[in-house]
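So the chains spell out like this:
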Amino acid sequence: MPFRLPPLTSLRFFEVAGRLQSFKLAAAELNVTPSAVSHGIVSLEQALGVELFVREARALSLTPAGADYLTYVAEAFALLVTGTQRLAAHRAERTIAVSCAPTLASRWLLPRLQRFRRRWPQVNVRVDTSRRQVGFPADGFDFAIRLSRAPDAGADWTRLFGEQLVPVCSPAYRDVLAEAAGQADLHRATLIHVDSASEDWQAWCDAAGMEGIALSGGLHVDSIQLAFEAAAAGLGVALGRYPMVERELAAGLLVEISPARVATQTAYWLVCADGADERPDLAGFKQWLVSEAEEFTGASEGTAVR
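Residues numbered from 1 in each chain as written. Predicted model: local features only at pLDDT ≥ 70, side-chain atom pairs only at ≥ 80, totals over all residues. Heavy atoms only, no water.

**Q** Would you take a moment to explain the overall build of the chain for this structure?
**A** Each helix and strand in the chain was counted, giving 11 helices and 11 strands. Across the 306 residues that make up the chain, the buried fraction comes to 46%. Intrachain contacts of the chain at a sequence separation of at least 6 include 73% that bridge at least 24 residues. (Helix = DSSP H or I, 4+ residues; strand = E, 2+ residues; numbered from the N terminus. Buried < 20%, exposed > 50% of the residue type's maximum accessible area, 1.4 Å probe, protein only. Contact = heavy atoms within 4.5 Å.)

Here it is in structure tokens:
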């Protein structure tokens, strides 16, 4: 008798949960309930007669057998995606799928996307901001824009641009900090910290040669967006991150209070799926995005300190 494979749905639940190490995150990615993912994987384990996950109160990890099996299942799904994409009819209907962090998408990518649409009016673009790791080609994405110190091995990475750090606050708070010479005194400021940022006030002070500023205390938030909103509300001084802060500066909601812009060690990278250069629309999107990044870099990165 031919060997019977497990149900495709259960295998998909296993592949996503194994990749994310979480039933909850897998459920969010697949748009089902965590209970459905859990039950599907239990059914898969019973069908295989093998325990695939170690389930603990606050953690989920693959067993050795599960880790080994995941490599084959992930490759199988990748092959299915690749084969489907190679079908001529499917290629004609596909859009360009881009994974991007929500802040960068709303503040940098989307405002520029209309220029791509003018060049390629018949091409649709889908932007996903779900903050998840993208597996090429299994997840169906053509590109991902990622913030990283360096490219990972085994993928096509193109550097777009780095961020720059500069202290910003509301115009009214700048007046509160102003000294007789008109310069803002950061030593008297309430600093707004972004706990999730890899580089924050310590990095700026070190690069700018600023000493004597109390880096403890202040206001702590968990996102760059919230830091900008707090600064605009007059709650203190945040570190503006180019290009993220351009919108508030242009509107006058925030102002720079130091001439020192510090280049971060991280940068935004465009990551491409294999074969992207073989499709004219994908090659055109990559070329357009790199040119947009070069234009932005020429306009803003030349003043960085580091």
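**Q** What exactly am I supposed to notice about the pattern of salt bridges here?
**A** Side-chain pairs of opposite charge can arise whenever the charged atoms involved come near each other. With the rule as written, the count across this model stands at 14 salt bridges. With a shortest N-O distance of 3.9 Å, Asp142 and Arg279 are connected by a salt bridge. Linking Asp142 in the loop between β4 (125-128) and β5 (143-148) with Arg279 in the loop between β11 (262-272) and α11 (280-300), this pair joins segments that are 137 residues apart in sequence. For Lys286, the salt bridge identified is with Asp156, shortest N-O distance 3.2 Å. Note that Lys286 is positioned in helix α11 and Asp156 in strand β6 (residues 156-169), a separation of 130 residues in sequence. Since its relative accessible area comes to 29%, Asp156 is described here as partly exposed. In the salt-bridge network here, residues are joined through shared partners; they are Arg12, Glu15, Arg19 and Glu29. (Salt bridge = Lys/Arg side-chain N within 4 Å of Asp/Glu carboxyl O.)

**Q** Got a minute to help me understand helix α3 (residues 34-48) in this structure?
**A** Taking 1.5 Å as the rise per residue, α3 with 15 residues should run 21 Å; its terminal C-alpha atoms sit 21 Å apart, in good agreement. Every buried residue of α3 is listed here: Val37, Gly40, Ile41, Leu44 and Glu45. For α3, the buried positions fall inside an angular range of 140° around the axis, keeping them on one side. Exposed side of α3, more than 90 degrees from the buried face: His39, Gln46 and Ala47 are the residues found there. In this fold, the buried residues of α3 make contact with α1 (8-20), α2 (23-30) and β1 (53-55). Following α3 by one or two positions, Gly49 has its phi on the positive side, about 70°. (Expected span 1.5 Å × (residues − 1). Arc of directions from axis to C-beta.)

**Q** Just checking my understanding: could you explain the packing of aromatic side chains for this structure?
**A** Each aromatic ring pair is summarised here by two numbers: the centre-to-centre distance and the angle between the ring planes. Within the structure shown, the criterion is met by 13 aromatic pairs. One aromatic cluster is present, formed by Phe116, Trp120, Phe143, Phe285 and Trp288 through successive ring pairs. Against the face of Phe77 rests Arg12, its NZ or CZ located 5.3 Å from the ring centre. For Arg261, the ring lying beneath its charged end belongs to Tyr242, and the centroid distance is 3.9 Å. (Phe/Tyr/Trp six-rings, centres within 6.5 Å; stacked < 30°, edge-to-face > 60°. Lys NZ or Arg CZ within 6 Å of the ring centre and 35° of its normal.)

**Q** How should the pairing of β4 be read in this particular structure?
**A** Side chains on a regular strand alternate between the two faces of the sheet. Inspection of the sheet shows strand β3 (residues 96-100) paired to β4 by four bridges, in the parallel sense. If you follow Ala97 over to β4, its bridge partner there is Arg126. Regarding topology, helix α6 (residues 102-119) serves as the crossover connection from β3 to the parallel β4, and that connection is right-handed. (Pairing = 2+ DSSP bridges. Right-handed = clockwise from strand over helix to strand, strands pointing away.)

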